[in-house]
Protein chains: 2
Amino acid sequence: MNLDEPMTDPLDRSRFPVDPWALREVSYSKSDLGTTETLFTVGNGYLGMRGNPEEGRDAHTHGTFVNGFHETWAIRHAEEAYGFARTGQTIVNAPDAKVMKLYVDDEPLLLATADLEEYERVLDFKEGVLRREVVWRTPSGKRVRISSKRMVSFTQRHLAIMQIQVTMLEGDAPVVISSQILNRQDGRDEYNIPEHAMGKHFDPRKASNFEGRVLEPKLNWYSDRRMILGYRATNSGMTLAVGADHAISTDNEYEQLNSSDDDYAKKVYRVHAHEGRPITITKVASYHSSRGVPVRELVDRVRRTLDRVRDHGVEHYEQEQRDWLADFWAASDVEIEGQPATQQAVRWNLFQLAQASARSDQLGVAAKGVSGTGYEGHYFWDSEVYVMPFLTYTSPYLARNLLRFRWNMLPAARERADELSQRGALFPWRTINGEEASAYYAAGTAQYHIDADIAYALVKYGWATGDADFLVRQGVDILVETARMFADLGFWRNNGERSFHIHGVTGPDEYTAVVNNNLFTNVMARFNLEQAALQVESIKATDPASYVKLVKRLRLGEDEPAEWHDAARRMTIPYDEALEIHPQDEHFLDREMWDLSATPEENKPLLLHFHPLVIYRFQVLKQADVVLAMFLQGDQFTLEQKRANFEYYDPITTGDSTLSAVVQSIIAAEVGYHDMALDYFMKGLYVDLADLHGNTSDGVHVASTGGVWSALAYGFGGMRDYDGHVTFDPRLPTGWESLRFRITLKGARLEVTLRQGSIEFRVDGGDVEVGVRGQRHYIRPHEPVRVQLDGQGDRIDGILGTSPLIGGRRSDGTVITAGVPEPPSEPVPVTPS
Amino acid sequence: MNLDEPMTDPLDRSRFPVDPWALREVSYSKSDLGTTETLFTVGNGYLGMRGNPEEGRDAHTHGTFVNGFHETWAIRHAEEAYGFARTGQTIVNAPDAKVMKLYVDDEPLLLATADLEEYERVLDFKEGVLRREVVWRTPSGKRVRISSKRMVSFTQRHLAIMQIQVTMLEGDAPVVISSQILNRQDGRDEYNIPEHAMGKHFDPRKASNFEGRVLEPKLNWYSDRRMILGYRATNSGMTLAVGADHAISTDNEYEQLNSSDDDYAKKVYRVHAHEGRPITITKVASYHSSRGVPVRELVDRVRRTLDRVRDHGVEHYEQEQRDWLADFWAASDVEIEGQPATQQAVRWNLFQLAQASARSDQLGVAAKGVSGTGYEGHYFWDSEVYVMPFLTYTSPYLARNLLRFRWNMLPAARERADELSQRGALFPWRTINGEEASAYYAAGTAQYHIDADIAYALVKYGWATGDADFLVRQGVDILVETARMFADLGFWRNNGERSFHIHGVTGPDEYTAVVNNNLFTNVMARFNLEQAALQVESIKATDPASYVKLVKRLRLGEDEPAEWHDAARRMTIPYDEALEIHPQDEHFLDREMWDLSATPEENKPLLLHFHPLVIYRFQVLKQADVVLAMFLQGDQFTLEQKRANFEYYDPITTGDSTLSAVVQSIIAAEVGYHDMALDYFMKGLYVDLADLHGNTSDGVHVASTGGVWSALAYGFGGMRDYDGHVTFDPRLPTGWESLRFRITLKGARLEVTLRQGSIEFRVDGGDVEVGVRGQRHYIRPHEPVRVQLDGQGDRIDGILGTSPLIGGRRSDGTVITAGVPEPPSEPVPVTPS
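This one's a predicted model, so the numbers in the text were calculated from it and none came from an experiment. (Residues numbered from 1 in each chain as written. Chains lettered and ligands numbered in written order. Predicted model: local features only at pLDDT ≥ 70, side-chain atom pairs only at ≥ 80, totals over all residues. Heavy atoms only, no water.)

Along chain A, the regular secondary structure elements total 18 helices and 32 strands. Its C-alpha atoms give chain A a radius of gyration of 27 Å, within 12% of the compact-globule value 28 Å for 833 residues. Viewed in the frame of its principal axes, chain A has a C-alpha envelope of about 90 × 65 × 60 Å. The buried share of chain A, taken over its 833 residues, is 66%. (Helix = DSSP H or I, 4+ residues; strand = E, 2+ residues; numbered from the N terminus. Rg over C-alpha atoms; globule rule 2.2 N^0.38 Å. Buried < 20%, exposed > 50% of the residue type's maximum accessible area, 1.4 Å probe, protein only.)

Written as structure tokens, this is what we have:
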């Protein structure tokens, strides 16, 4: 990390002015269409519409996504092996109901070339609406005001509402508005170039594509106010129906034309527009999807949604939207006094969490939410490790939904474990339908830690919510089956002392693969095994009836919990006595050191410029691994260990994954690297807003948005939740006046306000016990508690070098040497090619 | 290994009677068509024709192969990464000129259903001809004798000669013979089912297939006696022309019809056949191929080949064939007195070596030679490690061709090294055109030892032949570039003592992958580095002019040889002091033990029933790895080490690869397990003849045929060639009277006759020095030397168990414990699923 150039607000504020409650764009640019389409996406976790303009033209990707609506395809491995993933799963670009093309004097509005006298686009975090205001001077010199808005409802998951208002400001003109539903997936302008046709240019983070027609048209229909299209995905058999109602309000004369075919439904208004007489067209759209219900049935559901809006009026749903968001912010807002730019960016990130998860209901939260096709719409561990903390502490019912989503996936996970010759259940590394879709096992299936990540999120959820019912009835199944998997995956060695080993796995850091005793995997598996045993023992002791059911349901052996305890207690935890650090895996320190300072910028990220075999041979990290373990299992490490580990790994961590910065920030804060903590936080905060990884066009990095919340609450807020006790050891950044956030604990809402000299708690809805730097405090409603703070923890003002070979320097002038296992024998270990 | 059921002659001798100079089949069976097609293949290393019947009907695979004639296709990785192989290469099924369909009374001859009064098929090892003799009672009750023969010329690589003779034995009949050239690759009856459409049934050892048309027709032409077809492979651009001349000899009246189209050329003889008047049709075919020469030019070459045969007559070429084979056997024959069945099988194996390599000229020798599509026609290390010893010592000019083939591939290997961020050259693990075609890098590209294997074969060739010219002009380039690769691939550590380490590689055993300090790789790399340095130093000292050219040609640094010496001397050689064995890799002994005795037979071979991640986690071997190193680098291990290593690894070696048994045999013989040595030899000897691995239908296991020779010469013959000195420490199997083989040393031919009490040498064409158990002997022409032998080395009569966990037992009753690192903690480590 180079703090010579610390990260500051990177946005061009002349184009994106600061607004604490909205993302606002005041001039149009074609240069970053992909990014802004992602940033201005509206969605509710079920339905997402990218920020394409109503006119539907210049675009990076016209995107409309329905969570889980995917097509499958046969993976063709160039060389096969037993157990390789066979079925590819890719999110489908759903038919686009956003389009409302505009013609004045038969000239189409094209933002890229239009003469725009005014332009503003606003994503409003309180209203949950995307608004655009344009004044266009047409080629014939007439001025037209176009106001539009777009909303995907948080309360009605199948509903989107759009409106366009066109007013001639000077003179009359014929105005045509063509409102459409367009199947872009199979349409001409949506054909993508397959990866393999792209020669040596590729990016494995992008989605692969289909070869033939994806959506079989099953129905197209229209009436005077309504149009509906219905489809069935060719291979997956999933079905989808989309419909739209239209209403026009104007004093001008107009006529309407309707039509539809397989890939296209259209309603055209031809209006004789007079100066000053607005034309307002409201379009209400509804999407319904299913794993296999006939299209005809989905069409009925679409009709019911549309009829309901017709009956209640759109204003009703706009009010519901505001109310829902008021509740959301009351539970989830994080306030940073005196930092309006940061405040705005924080709220954008939190708003994305709502947009990705609010109505995912019992679907998963994809890596890109419903904002893009990146990672093919797959669900990863991102949900459990990056998104779940936020949901658990701000919207526990959403956290519960996500856990139930995994519980529903158990049968597939059991099958997969069997295929991998393991007992219990093995969750897929990436999936939509529950089957493993990771075709590169070394960085996929080998990440067995996914099981422990899910178990971890479940246990934390239980502690935070006290939701015993869910745990006893269903959650325990996950704990038992994942513990079984680890107990079977590992094996015993007896070199004087019995020890439990887990071989041939990949940890979160994908720049090493298929290693023995990966520290992260082992500490997480230990937790998983221990908690499964404790949970079973607890049910046995307190709820005999449920225990009997449990034994029967899972064929639970009498001895299993004891086995899990044993494996957990004897789990191998790699530790290097000489360096006083935890190796990332048993043999990590044997590797050659990669000198990042000698790697030219054009060869980054490494994964796009070096063969995996080369990368795997070195000590170099894509993302936090030991450091993440020290966050999630922080009570298993001393502060000294954390600092030594952080100082060792930070300089060899590339951060090529967006999952890295937020975690580095949390541990940097804990161990005293305050400046680095803030810098990493900023790098996480602006991942998408400033397109720091160059691929925001593929969709929002949802895990990073969750990590932003974690960096605020856990990092600066110093919150920890080991063993179900919530404690605080704050690290407020130097320049910040205050930080306020809310967490929900067993139904009570706790407001935490952190200042440089104090931390203050208010609670609503119940009592809460918290710890602050070793002291316990009981917080009761209407009795705020303020605890004085003697500073924000130890400070190390120095920086860490870009490689342990070079050595960082602490503020006291001592050189950090932990990362230097041997003198360098070759100046440049890798020939950059 | 279970010696309760030692391997004996497994052939059904009522169908395949013993014949020391031929493979003979006396009754037809449809049950093993794929196997017998392979066994009766005729080929010359350039052109191969599977043993399909002339009638061209019932077949497993109609196959005609031209070495190196391949199509390319874009590999589509389900998940991409930098440097992954991009171009698939697959041997093409060349147009089939074998077909001569026969109709009597308009009834086609169909062997599967025909009433055959006589049937014999013979592959004659002395004549190099496949003959068939059939008496067919037609459905109308007439008896017809059909004699046919087929030959692919060893002296004219582009030439095949076929003949069919039909004689009505009782009564007259209309006889139709339709002689064809048929493009089966794109034809209807040759469409294959793509792997990925086969669901969970797959075999990664089989070739993948094409999606569209492979051969673009460029020309079809016929005259009264001749027909020619010309093609261009769609993607690779390779071109091929095939033509055939016909002659008929008969006293019967007949008429002829000719035709041709894109995929088909045909000459039909309609004969009014009278009883006792034979019809003889001779078909002379020629294939020419090229990387890109226009088809028209290839057609001219076909014409020239055919014209030459027309001028000289087919008898001339049949005589050439016999002469060539007489020379071949004089140089290569291995005689085993009193073991006619074994003798026959040995000669079949040696004959396959001729058929795979004789006219490969400067193409490679594919894993299946020219006998099938297995492994997609790719060239592997099989050539250098399994085939080259035979060629080096019996046909040095063929060995030289194979080395030149690698030399020609150097530019591509340099590019590949660069792509893998390495200096020097990295040869592809599998290839036809020089580009890496291995899409599964863990068992492909990671086998960096390919470089050392090639260097090894080159050095041995140099020692055996004294061909300094080739070494100095070209061979040294290979040595230098491969040494550079290893010097750059490895790295230095300094833990008190400097040591050189090679990480992240896969050894020959593909049941572990991407490991550190693989013993085989390191000892072979050590040899490579050392020999490269010695060769450069020798040229510098003895041939300054060549040295100057060398420095310029390879930009050789002054210090490079010293660096290679240093790396070689300090190479890490894993050794376990406690077990007194060499671990297969640095962390091999940390792995859990796979209990093969607990693995049901239906779960073998393991690669078809377990995910690689599962297999990689265990101590279990697909094939000899340390054991192979102990053969190739035998002077680097003590006898005690060899025995301990063999006893450790043998029980956990599945032999799922056919490359294993022959090597196990050699080391078993050396360390004293005589019964096991013979048993392994038999398992290698009958790999194809008895279809022991169930996939002989895909083609001959050429490496195993080479291994059979090595097992005879090195194993039983006890020959070694360390440092260029040829020595013998024989191990004649108990039941064998004698073993006689020939080797060519610097132009002199040495005949070695081994008996239970003696070894005898005769030499022709020069003097030879050999060692016998520590004593040097000088052999001169016409002065045979007989050395008395006190037995055949130490004997260990016991067997080894199927797992070190169980423990084998030596003849002295002691249990072999080396393989028991710890008490078993779990009874069955892997759940067979």
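As a further point, take the pattern of salt bridges. Across all of its chains, the model carries 138 salt bridges over all chains by this definition. Residues Glu-127 of chain A and Arg-131 of chain A are paired through a salt bridge, measuring 2.8 Å at the closest nitrogen-oxygen approach. Here Asp-477 of chain B makes a salt bridge to Arg-553 of chain B, at a shortest N to O gap of 2.6 Å. With Asp-477 of chain B in helix α9 (residues 468-489) and Arg-553 of chain B in helix α11 (residues 544-554), the pair connects residues that are 76 residues apart, well separated along the chain. Residue class for Asp-477 of chain B comes out buried when judged on its relative accessible area of 3%. Taking the relative accessible area as the measure of exposure, Arg-553 of chain B reaches 38% and is therefore partly exposed. (Salt bridge = Lys/Arg side-chain N within 4 Å of Asp/Glu carboxyl O.)

For the rest of this paragraph, the subject is the sheet that holds strand β2 (residues 42-43) of chain A. Residue and element names in this part refer to chain A. Pairing is antiparallel in the open sheet, where three strands are placed in the order β2-β3-β4. Every interior strand has two partners, whereas the edge strands, β2 and β4 (64-66), have only one. Bridge count for strand β3 (residues 47-49) against β4 is three bridges, and the pairing is antiparallel. Residue pairing in the sheet places Gly-48 in a bridge with Phe-65 of β4. (Pairing = 2+ DSSP bridges.)

Here the focus is the packing of helix α5 (residues 382-394) of chain B against helix α8 (residues 449-465) of chain B. Residue and element names in this part refer to chain B. The interhelical angle for the contact between α5 and α8, taken along N-to-C directions, is 10 degrees, at an axis separation of 10 Å. What the angle tells us is that α5 and α8 run roughly parallel. Contacts between α5 and α8 involve Glu-384, Val-385, Met-388, Thr-392 and Tyr-393 from the former and Asp-453, Ile-454, Ala-457, Lys-460, Tyr-461 and Ala-464 from the latter. Each residue belonging to the contact of α5 with α8 can be placed in one class, and the counts come to seven nonpolar, one polar and three charged. (Axes fitted to C-alpha atoms, helices over the stretch in contact; angles between N-to-C directions. Parallel < 35°, antiparallel > 145°, perpendicular 65-115°, else oblique. Contact = heavy atoms within 4.5 Å. Nonpolar A, V, L, I, M, F, W, Y, C, P; charged D, E, K, R; others polar.)

Residues and elements named next belong to chain B. Two elements in contact, helix α10 (residues 519-542) and helix α12 (residues 560-569), have axes separated by 8 Å at closest approach and are oriented at 150 degrees. Taken together, the axes of α10 and α12 lie roughly antiparallel to each other. Here the hand of the crossing between α10 and α12 comes out left-handed. On the side of α10, the interface is formed by Arg-526, Leu-529, Glu-530, Ala-532, Ala-533, Leu-534, Val-536 and Glu-537, while α12 contributes Pro-561, Trp-564, His-565, Ala-567 and Ala-568. For the contact of α10 with α12, the class distribution of residues is nine nonpolar, one polar and three charged. (Left-handed = near helix turned anticlockwise from the far one by under 90°.)

Residue and element names in this part refer to chain A. Tallying each qualifying case throughout the model produces 72 aromatic pairs over all chains. With a centroid separation of 6.2 Å and an interplanar angle of 65 degrees, the aromatic rings of Tyr-254 and Tyr-269 are classed as edge-to-face. Within this pair, whereas Tyr-254 is found in strand β17 (residues 253-261), its partner Tyr-269 is found in strand β18 (residues 264-273), the two being separated by 15 residues in sequence. We classify Tyr-269 as buried; its relative accessible area is 1%. Ring centres 5.2 Å apart and planes at 70 degrees place the aromatic pair Phe-681 and Phe-716 in the edge-to-face group. (Phe/Tyr/Trp six-rings, centres within 6.5 Å; stacked < 30°, edge-to-face > 60°.)

Let us now look at the pairing of strand β28 (residues 748-755) of chain A. Residue and element names in this part refer to chain A. Bridge count between strand β27 (residues 738-745) and β28: eight bridges; the pairing is antiparallel. Among the inter-strand pairings, Leu-745 is bridged to a residue of β28, identified as Ala-748. Taken together, β27 and the strand that follows it, β28, pair antiparallel across an intervening segment of two residues, in which Lys-746 is found at a positive phi of about 45 degrees. Sheet topology note: the β28/strand β29 (residues 758-764) ladder contains six bridges and is antiparallel.

Moving on, we come to α8 of chain B. All names here are of chain B. Between its first and last C-alpha atoms α8 spans 24 Å; for 17 residues at 1.5 Å apiece the expected length is 24 Å, and the two agree. Counting buried positions along α8 gives 16 out of 17 residues, so the element sits mostly inside the fold. Directly beyond the C-terminal end of α8, a positive phi value near 65 degrees is found at Gly-466. (Expected span 1.5 Å × (residues − 1).)

Glancing now at the sheet that holds strand β18 (residues 264-273) of chain B. Residues and elements named next belong to chain B. What the five strands build is an open sheet, ordered β8-β7-β13-β18-β17; its pairing is antiparallel. Since the sheet does not close on itself, it has two edges, and those belong to β8 (107-108) and β17 (253-261), each with one partner. In this sheet, β18 lies alongside β17 in antiparallel orientation, the contact comprising nine bridges. Across the sheet, Glu-255 pairs through a bridge with Arg-270, a residue of β18.

Residue and element names in this part refer to chain A. Taken as a whole, helix α11 (residues 544-554) has its buried residues at Ser-546, Tyr-547, Leu-550 and Leu-554. Here the buried residues of α11 occupy an arc of 100 degrees about the axis, which is enough to place them on one side. Residues of α11 that are exposed and point more than 90 degrees away from the buried face comprise Pro-544, Ala-545, Val-548, Lys-549 and Lys-552. Arg-555 occupies a position one or two residues after α11 and carries a positive phi of about 45 degrees. (Arc of directions from axis to C-beta.)

Turning to unusual backbone geometry, a few remarks are in order. With the exception of glycine, most residues fall at negative phi, and the peptide bonds are largely trans. Residues and elements named next belong to chain A. Residue Pro-605 is bonded to the preceding Lys-604 through a cis peptide linkage, with omega at -5 degrees. Note on placement: Pro-605 falls in the loop between β23 (592-593) and α13 (612-616). Although it is not a glycine, Tyr-375 sits at a positive phi angle of roughly 55 degrees. Of note, Tyr-375 is situated in the loop between α4 (340-357) and α5 (382-394). Positive phi values are uncommon outside glycine, yet Glu-580 reaches one of about 55 degrees. The residue Glu-580 is located in the loop between α12 (560-569) and β23 in this model. Glu-580 sits in the partly exposed class, given a relative accessible area of 49%.

In this section: the nonpolar core. In this structure, Phe-728 and Leu-750 of chain A together with Phe-728 and Leu-750 of chain B are the most contacted members of the largest nonpolar core, which totals 485 residues. Apart from residues no more than four positions distant in its own chain, Leu-750 of chain A is found in contact with Phe-728, Phe-741, Arg-742, Ile-743, Leu-745, Phe-761, Arg-762, Val-763, Val-768, Val-770 and Ile-779 of chain A. (Core = buried A, V, L, I, M, F, W, Y, C linked by side-chain atoms within 4.5 Å.)

Turning next to the confidence of the model for chain A. Residues and elements named next belong to chain A. Mean pLDDT over chain A stands at 92; residues scoring 70 or higher make up 92%. Segment residues 188-208: pLDDT under 50, and 44 contacts once partners within four positions in sequence are set aside and those in other chains are kept. Scored below 50 in pLDDT, residues 803-833 makes 76 contacts in the model with residues more than four places away or belonging to other chains. For this predicted complex, the interface confidence reaches an ipTM of 0.89, while the overall pTM sits at 0.91. (pLDDT = per-residue confidence, 0-100.)

By the secondary structure assignment, Asp-467 of chain B is in the loop between α8 and α9. Classification of Asp-467 of chain B as buried rests on a relative accessible area of 15%.

This part covers the pairing of strand β12 (residues 159-168) of chain A. Each regular strand carries side chains that alternate between the two faces of the sheet. Residue and element names in this part refer to chain A. A large share of β12 lies buried, amounting to eight of its ten residues. As judged from the nine bridges shared by strand β11 (residues 143-152) and β12, these two strands associate in the antiparallel manner. Directly across from Ser-148, in β12, lies its bridge partner Ile-164. Hairpin connection between β11 and β12: a loop of six residues separates the two successive antiparallel strands. Here β12 pairs with strand β19 (residues 279-290) via eight bridges, running antiparallel. For Ala-160, the partnering residue across the bridge sits in β19 and is Ala-285.

What follows is about the side chain of His-246 of chain A. Residue and element names in this part refer to chain A. Note on placement: His-246 falls in strand β16 (residues 239-250). Residue His-246 is classed as buried on the basis of its relative accessible area of 4%. Not counting residues within four places of it along the chain, the set of residues in contact with His-246 comprises Ser-179, Arg-225, Met-227, Lys-267, Tyr-269, Ile-281, Thr-282 and Lys-283.

So, about the environment of Asp-96 of chain B. All names here are of chain B. By secondary structure assignment, the location of Asp-96 is in the loop between β6 (87-91) and β7 (100-104). Asp-96 sits 547 residues away from Arg-643 along the chain, and the two C-alpha atoms are 51 Å apart. Discounting chain neighbours no more than four positions away, the residues touching Asp-96 are His-62, Thr-64, Gln-180, Ile-181, Leu-182, Arg-184 and Tyr-287. There is a polar contact of 2.8 Å between the side chain of Asp-96 and the backbone nitrogen of Lys-98. (Polar contact = N/O pair within 3.5 Å; in protein donor to acceptor, adjacent residues only side chain to side chain.)

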